[in-house]
Amino acid sequence: MMWRSLGEELEDDLYSDVDFLLGGVDLSQNRGLRLRFGIPYPSDSSTILYFVGNKMHVYKGQGNIDDLVDYAINGYELDLENTEIPVSLDTIDQIVKTLKSAIGQDNRFALSFIDDLENIYRLRKNAGAGLLILGVALGICLCLIFDIIFRKEPSTQSNKSKRE
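Everything numeric here is computed off the predicted structure, so don't read it as measured data. (Residues numbered from 1 in each chain as written. Predicted model: local features only at pLDDT ≥ 70, side-chain atom pairs only at ≥ 80, totals over all residues. Heavy atoms only, no water.)

**What about the layout of surface pockets?**
Then, number 1: Estimated volume of the second largest pocket: approximately 200 Å³.
Then, number 2: What lines the second largest pocket is Ile92, Ile95, Val96, Leu99, Ile114, Leu117, Glu118, Ile120, Tyr121, Gly128 and Leu131.
Then, number 3: When contributions to the lining of the second largest pocket are tallied by element, the ones reaching two or more residues are helix H4 (91-103), helix H5 (108-123) and helix H6 (125-150).
Then, number 4: Ranked by residues supplied to the lining of the second largest pocket, first place goes to H5 with five residues. (1 Å grid on protein atoms, 1.4 Å probe; cavity = no way out; pocket = protein on both sides within 12 Å on 5 of 7 lines; lining within 4 Å. Points joined across faces, edges and corners; volume = space filled by probe spheres on them. Helix = DSSP H or I, 4+ residues; strand = E, 2+ residues; numbered from the N terminus.)

**Here we look at the nonpolar core**
Then, number 1: Formed by Leu6, Leu10, Ile48, Tyr59, Leu68, Val69, Tyr71, Ala72 and Tyr76, the largest nonpolar core amounts to nine residues.
Then, number 2: At the level of elements, helix H1 (2-10) and helix H3 (65-73) are the ones that each hand at least two residues to this core.
Then, number 3: Of the residues forming this core, the biggest block, four residues, is contributed by H3.
Then, number 4: When residues no more than four places from it in sequence are discounted, the contact partners of tyrosine 76 are Tyr50, Val52, His57 and Tyr71. (Core = buried A, V, L, I, M, F, W, Y, C linked by side-chain atoms within 4.5 Å. Buried < 20%, exposed > 50% of the residue type's maximum accessible area, 1.4 Å probe, protein only. Contact = heavy atoms within 4.5 Å.)

**Some details on the pairing of strand E2 (residues 55-58)**
Then, number 1: Looking at chain direction, strand E1 (residues 49-52) and E2 are connected through four bridges and run antiparallel. Each bridged residue has a counterpart across the sheet, and for leucine 49 the counterpart in E2 is valine 58.
Then, number 2: Linkage of E1 to E2, two consecutive antiparallel strands, is achieved through a turn of two residues, within which glycine 53 is found at a positive phi near 60°.
Then, number 3: The pairing of E2 with strand E3 (residues 83-84) spans two bridges and is antiparallel. Of the residues in E3, the one forming a bridge with methionine 56 is threonine 83. (Pairing = 2+ DSSP bridges.)

**Concerning the side chain of histidine 57**
Then, number 1: Mapping histidine 57 onto the fold places it in strand E2.
Then, number 2: Non-local contacts of histidine 57, meaning those with residues more than four positions away in its chain, are made with Ile48, Leu49, Tyr50, Val52, Tyr71, Tyr76, Asp79 and Asn82.

**What to know about the packing of aromatic side chains**
The relative placement of two aromatic rings is captured by the distance of their centres and the angle of their planes.
Then, number 1: Tallied over the entire structure, the rule returns four aromatic pairs.
Then, number 2: When the centroid spacing of 5.6 Å and the interplanar angle of 65° are considered together, the rings of phenylalanine 37 and phenylalanine 51 count as edge-to-face. One end of the pair, phenylalanine 37, is in helix H2 (residues 31-37); the other, phenylalanine 51, is in strand E1, with 14 residues separating them in the sequence.
Then, number 3: A relative accessible area of 16% places phenylalanine 37 in the buried class. (Phe/Tyr/Trp six-rings, centres within 6.5 Å; stacked < 30°, edge-to-face > 60°.)

**So, the packing of H4 against H5**
Then, number 1: Between H4 and H5, the shortest axis-to-axis distance is 10 Å and the interhelical angle comes to 170°. Our classification of the angle between H4 and H5 gives roughly antiparallel. Along its contact with H4, which presents Ile92, Asp93, Val96, Leu99, Lys100 and Ile103, the element H5 presents Ala110, Leu111, Ile114, Asp115, Glu118, Tyr121 and Arg122.
Then, number 2: In the contact of H4 with H5, the residues fall into eight nonpolar, no polar and five charged. (Axes fitted to C-alpha atoms, helices over the stretch in contact; angles between N-to-C directions. Parallel < 35°, antiparallel > 145°, perpendicular 65-115°, else oblique. Nonpolar A, V, L, I, M, F, W, Y, C, P; charged D, E, K, R; others polar.)

**What to know about the pattern of salt bridges**
Then, number 1: Summed over all chains, the structure comprises three salt bridges.
Then, number 2: In this structure, the salt-bridge partner of lysine 100 is aspartate 115, at a minimum N-O distance of 2.6 Å. Taken as a pair, lysine 100 in helix H4 and aspartate 115 in helix H5 lie far apart in primary sequence, 15 residues in all.
Then, number 3: Here lysine 100 falls in the partly exposed class, since its relative accessible area comes to 26%.
Then, number 4: With a closest N to O distance of 2.6 Å, aspartate 147 and arginine 151 form a salt bridge. (Salt bridge = Lys/Arg side-chain N within 4 Å of Asp/Glu carboxyl O.)

So, in structure tokens, the structure goes:
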């Protein structure tokens, strides 16, 4: 693993003033991290993420240890594609991401609907809760109405014949 080699290289006295923490993750066992950081799985190559401050950098170098050391020491500063470190995904985020990946990009109506539901959840949580309560109440009312309309009363004929 390249990150292990990086750790061995950075332990050299040359980099004694550099503080670092390295770790590896088995993506097959950590679906939540894959979703949080947008790491494709399965993948043909390793994904190396570099965190500095509140920024996340994705290493896209040559794949050799010297290039990775240069990137870790000061090359990341030239990386203009850094992003904020994604916040931990909650259950709703996981459901939304799973739904979107299952639907694919072809069904724009379904994706738009999921985006709308996500926006209601994110921006108007009270409205989302209100819609949920309203939907449950409406469902119960409809069930009661249909029960009253379509309920079959026991026929009086069958009751009379049983008495005789």
